[in-house]
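Listed below, chain by chain, are the residues.
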Amino acid sequence: MGEAPRLIATDIDGTLLRDDRSLSPHTADVLARISARGTPVVLVTGRPIRWLKLVYDQLAEPLPAICANGAVVYDPVADEVLRADPLAPELLAEVARRLRAEVPDVSFAVEIVDSRQMRHEAHYPLRWDADHGAIRAVETPEELLAAPAVKLLVRAADQDPDAFVALVAGALGGLAEATHSSYSGLVEISAAGVTKAAGLAWYCARLGIEARDVLAFGDMPNDVPMLTWAGRGVAVANAHPAVLEIADEVTSANSTDGVATYLEKVFGAG
């Protein structure tokens, strides 16, 4: 990478946000200054579109976002999905069949309508937005798998997240991508080839920006493809061991504005 990156890509939870999911005014100011200088800043997240407002409310201007681990590319100014790469219903059905056969007590949820809505089995444990109008339980397994889904969410009681994602990936046998971004035993499944790196690469190609000119930040295994693709991949100090292992550099933790601290070193604090 040259002296200054041409694009900044950052994960949100555990990376840009503090542990209480707030964005520090300092970080918001740094991002605004970099954007004002003409360097694009892109959010690259496992979050669905409907969870972005919580972040945009804390930013000076809404930033483009690659959501659902790369499956959705979103323009918040136009409220437009530029690209979506969902799992087809037939593929969802096969993935669900394999996992039901391999994993006792498995339960599913799907992100549909480009991640603007979620459907879940009645026994699927909701963690964030159970009362949201876009969320509802389905009455039958067939209903859950009837529409294309940009992400399939998998839970099964208490699981070690690293072991559980390995179990799920083994059952899928390359049929789809399996990753995780939490410590609660949630596995996130996308269509084959859909990763944060793939979504970011598509977005950068639209802007004529090559991988070597991208600076990326992350903290969890779903960030590994993006951090290895980018010219410079930076982990926050609180990152998962798999991320610390592949990162080019490590900045301070999310709780101490690690992304902003690193960006000020690159772009200057003024």
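Up top is the structure these notes are about.
This text gives an overview of the structure that appears in the document. (Residues numbered from 1 in each chain as written. Predicted model: local features only at pLDDT ≥ 70, side-chain atom pairs only at ≥ 80, totals over all residues. Heavy atoms only, no water.)

1. Concerning the environment of D19
In this fold, D19 is placed in the loop between β1 (7-10) and α1 (25-36). Under the relative-accessibility criterion, D19 is labelled exposed at 63%. Residues D19 and L126 lie 107 residues apart in sequence; the distance between their C-alpha atoms is 19 Å. Beyond its immediate sequence surroundings of up to four residues, D19 is in contact with N254 and S255. A polar atom in the side chain of D19 sits 2.9 Å from the side chain of N254. (Helix = DSSP H or I, 4+ residues; strand = E, 2+ residues; numbered from the N terminus. Buried < 20%, exposed > 50% of the residue type's maximum accessible area, 1.4 Å probe, protein only. Contact = heavy atoms within 4.5 Å. Polar contact = N/O pair within 3.5 Å; in protein donor to acceptor, adjacent residues only side chain to side chain.)

2. Things to note about the packing of aromatic side chains
Overall, the coordinates contain one aromatic pair when judged by the stated rule. Note on F217 and Y262: the rings are 5.6 Å apart at their centroids and 80° apart in plane angle, and the pair reads as edge-to-face. Of the two residues, F217 is situated in strand β12 (residues 214-218) and Y262 in helix α9 (residues 258-267); the sequence distance between them amounts to 45 residues. The burial state of F217 is the same as that of Y262; both residues are buried. (Phe/Tyr/Trp six-rings, centres within 6.5 Å; stacked < 30°, edge-to-face > 60°.)

3. So, the sheet that holds β12
Strand order in the open sheet formed by eight strands is β5-β4-β3-β2-β1-β12-β13-β14, with mixed pairing between adjacent strands. The strands lining the two open edges of the sheet, one partner per strand, are β5 (80-84) and β14 (249-251). Ignoring which end each strand starts from, the neighbouring axes of this sheet average 25° apart. Sheet topology places β1 next to β12; four bridges connect them, and they run parallel. Note that in β12 the partner of T10 across the bridge is F217. Contacting β1, β2 (41-44), β3 (65-67), β4 (72-75), β5 and β12, helix α6 (residues 196-207) runs over the sheet at an angle of about 155° to β1. (Pairing = 2+ DSSP bridges. Axes fitted to C-alpha atoms, helices over the stretch in contact; angles between N-to-C directions.)

4. Here we look at the sheet that holds strand β8 (residues 135-137)
Taken in spatial order, the six strands line up as β8-β7-β6-β9-β11-β10 in an open sheet, and their pairing is mixed. Each end of this open sheet is capped by a strand with a single partner; those strands are β8 and β10 (176-179). Pairwise comparison of adjacent strand axes, ignoring direction, gives a mean angle of 20° for this sheet. With respect to the sheet, helix α5 (residues 161-172) is in contact with β9 (149-155), β10 and β11 (187-191), its orientation differing from that of β10 by roughly 170°.

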